[in-house]
Amino acid sequence: MGDVLAGFHAAWEFDSDSVLIRYERGIRTPKLFQALGERRVPLEAIAGVTLTPGRRGTVVLRAEPRPGADPLMEAAAGQLKEGCDPYRLVLPAERETLAEYYADELRGLLSESGKTERYLVSAPEAPLHFKAYDGKASFDGRSVSFRWSWTGASSAKWKAGDQSFPVADLGGVEWRSPEAFEGYLRLLPRDAAAHAPQADQDPASVVFGLGYGPVHESLPFAAAVLAAVRERGPAVPVPVPAPRRDPADIAERIRHLGELHQAGLVTDEEFSSKKAELLAEL
């Protein structure tokens, strides 16, 4: 088709085998759209197309992704607000006829339906990172790392120490929106336990909060990890030595540990053990 249909916050460019969605970067554009930048959606990833009336004199053109086609939507699991749906294109009502034309053209090119066996839409690329309430999460494409905050992490987490999870050891990701009550990102092991502890006590989870783990940061992160898990190979990853820590950061963490010790929240044995562990990272 080779045409472009521009709406509010995004423009769709139609090709013979895909739709390229380019998101605007204006201050009124949802931050998730800005973070995504652009996405190419193969036609085989689309199950259908709808055109419905919108709010305040608008119409909404929406592509319906097939189940399992997009790691972002799979990670979101229906939790995205309508205005943050990356498959919606909102247009002025006077462009309804044009939108209907493109909807009909797209429908005529679609031939696939049902759940896909693999992801057809690319996930956001690593490296990715975001700040949660109780720590920092990072993903380099091979492993996910959680580095706990001494002021936010539970005692169970800082006693467990900073965590690193190779993709080959993971079976999935569970994302609960930070816009919901008690949002979190949880990494699921390949052989998931029947019952996992609460996210604030689980070293395989980071919890969100006001200003922490926003959708535009934590959801692309979850999608990238989910895609890497599905695409992982059978080979066992080679252990990578942990990077050396900044001495100033180590000193600050030891200071916090000392405060917990003085407050009676850490035993003498735990204080000595954790201090030795931190010093070994220098």
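Residues numbered from 1 in each chain as written. Predicted model: local features only at pLDDT ≥ 70, side-chain atom pairs only at ≥ 80, totals over all residues. Heavy atoms only, no water.

You'll find the chain entered in an unreviewed UniProt entry as DUF4429 domain-containing protein, with Streptomyces pactum given as the organism.

Visitor: Before we go on, may I ask you to explain the overall build of the chain in this structure?
Guide: If you tally the helices and strands in the chain, you get seven helices and 14 strands. By its C-alpha atoms, the chain is 75 × 45 × 35 Å across when sized along the principal axes. Summarising the internal contacts of the chain: among those between residues at least 6 apart in sequence, 60% fall at separations of at least 24. Summed over all atoms, the accessible surface of the chain reaches about 15300 Å², with 51% contributed by carbon and sulfur. Of the charged side chains in the chain, 33 are positive and 41 negative; the average position of the first set lies 3 Å away from that of the second. (Helix = DSSP H or I, 4+ residues; strand = E, 2+ residues; numbered from the N terminus. Contact = heavy atoms within 4.5 Å. Areas by Shrake-Rupley, 256 points an atom, 1.4 Å probe, with all protein chains shown as cover. Lys, Arg positive; Asp, Glu negative; His and termini not counted. Charge placed at Lys NZ, Arg CZ, Asp CG, Glu CD.)

Visitor: Just to check I follow, could you spell out the side chain of Asp-134 for this structure?
Guide: Checked against the element boundaries, Asp-134 lands in the loop between β8 (128-131) and β9 (135-139). In this structure the side chain of Asp-134 is engaged in a polar contact, spanning 3.2 Å, whose partner is the backbone nitrogen of Val-207. In this view, Asp-134 contacts Trp-148, Ser-149, Gly-152, Ala-153, Lys-157, Ser-205, Val-206 and Val-207; residues no more than four positions away in its chain are not counted. (Polar contact = N/O pair within 3.5 Å; in protein donor to acceptor, adjacent residues only side chain to side chain.)

Visitor: I would appreciate a short explanation of the domain arrangement of the chain in the present structure.
Guide: When the parts of a complex come together, some accessible area is lost, and that lost area is often taken as the interface size. For the chain, the assigned domains are domain 1 (3-109), domain 2 (128-232) and domain 3 (247-281). When each unit is reduced to the centre of its C-alpha atoms, the spacing between domain 2 and domain 3 is 24 Å. (Domains from an automatic or database assignment.)

Visitor: How should the confidence of the model for the chain be read in this particular structure?
Guide: Where the model shows low pLDDT, its predicted coordinates should not be examined in detail. Model confidence for the chain is summarised by a mean pLDDT of 89, while 90% of its residues fall at 70 or above. pLDDT under 50 marks residues 233-243. Its contacts with residues more than four places away, or in other chains, come to three contacts. (pLDDT = per-residue confidence, 0-100.)

Visitor: Would you take a moment to explain the nonpolar core for this structure?
Guide: Within soluble globular proteins, side chains that are nonpolar tend to cluster in buried spots. Membership of the largest hydrophobic core comes to 67 residues, with the highest contact counts inside it found for Leu-61, Leu-185, Leu-219, Phe-221 and Val-225. Structurally, this core is a two-domain feature, drawing no fewer than three residues from each of domain 1 (3-109) and domain 2 (128-232). Setting aside anything within four residues of it in sequence, one finds Leu-219 in contact with Leu-32, Leu-72, Ala-75, Ala-76, Leu-80, Trp-175 and Pro-214. In terms of nonpolar packing, the next biggest core, distinct from the first, is built from seven residues, Trp-150, Ile-254, Phe-271 and Leu-278 among them. (Core = buried A, V, L, I, M, F, W, Y, C linked by side-chain atoms within 4.5 Å. Buried < 20%, exposed > 50% of the residue type's maximum accessible area, 1.4 Å probe, protein only.)

Visitor: Even after reading the chapter, I still don't get the sheet that holds strand β11 (residues 163-166), so can you show me in this structure?
Guide: Strand pairing within a sheet occurs via backbone hydrogen bonds; the two strands may be parallel or antiparallel. If you trace the four strands from one edge of the open sheet to the other, you get β8-β9-β10-β11, paired in antiparallel fashion. Sheet topology places β8 and β11 at the edges, where each strand pairs with a single neighbour. Here the average twist between neighbouring strands, direction ignored, is 10°. The sheet contact formed by β9 and strand β10 (residues 143-148) spans five bridges and is antiparallel. When the bridges of β10 are listed, Ser-138 appears paired with Ser-145. In the packing of helix α5 (residues 215-231) onto the sheet, contacts are made with β8, β9 and β10, and the angle to β8 comes to roughly 140°. (Pairing = 2+ DSSP bridges. Axes fitted to C-alpha atoms, helices over the stretch in contact; angles between N-to-C directions.)

Visitor: Whenever I open this one, unusual backbone geometry confuses me. Can you help?
Guide: The step from Ala-126 to Pro-127 runs through a cis peptide bond, and the omega angle for that step is 5°. Summarising the element assignment, Pro-127 is placed in the loop between α3 (96-109) and β8. The phi dihedral of Arg-56 is positive, around 50°, even though this residue is not glycine. One can find Arg-56 in the loop between β5 (46-53) and β6 (58-65). Arg-56 gets classed as exposed once you look at its relative accessible area, which sits at 84%.

Visitor: Is there a simple way to think about the UniProt feature "domain: DUF4429" (unreviewed entry) in the chain in this case?
Guide: Within the UniProt annotation, "domain: DUF4429" (unreviewed entry) is assigned to residues 12-106 and 137-225. Within the segment residues 12-106, helix and strand shares are 24% and 37% respectively, and the terminal C-alpha atoms sit 12 Å apart. (UniProt positions renumbered as here; feature names shortened; annotations may be inferred.)

Visitor: I would appreciate a short explanation of the sheet that holds strand β7 (residues 88-92) in the present structure.
Guide: Strand order in this open sheet of three strands is β5-β6-β7, and the pairing throughout is antiparallel. Taken across any chain shown, the strands that pair with only one partner, and hence form the sheet edges, are β5 and β7. Across the sheet, the mean angle from the axis of one strand to that of its neighbour is 15°, orientation sign disregarded. With five bridges joining them, β6 and β7 adopt antiparallel strand pairing. From the neighbouring strand, Leu-61 faces β7, where its bridge partner is Leu-89.

Visitor: Please explain the side chain of Ser-205 as it appears in this structure.
Guide: With respect to the element layout, Ser-205 can be found in strand β14 (residues 205-207). The exposure class of Ser-205 is buried, given its relative accessible area of 0%. Leave out the neighbours within four places in its chain, and Ser-205 touches Asp-134, Phe-146, Trp-148, Lys-157, Leu-185, Arg-186 and Ala-199.

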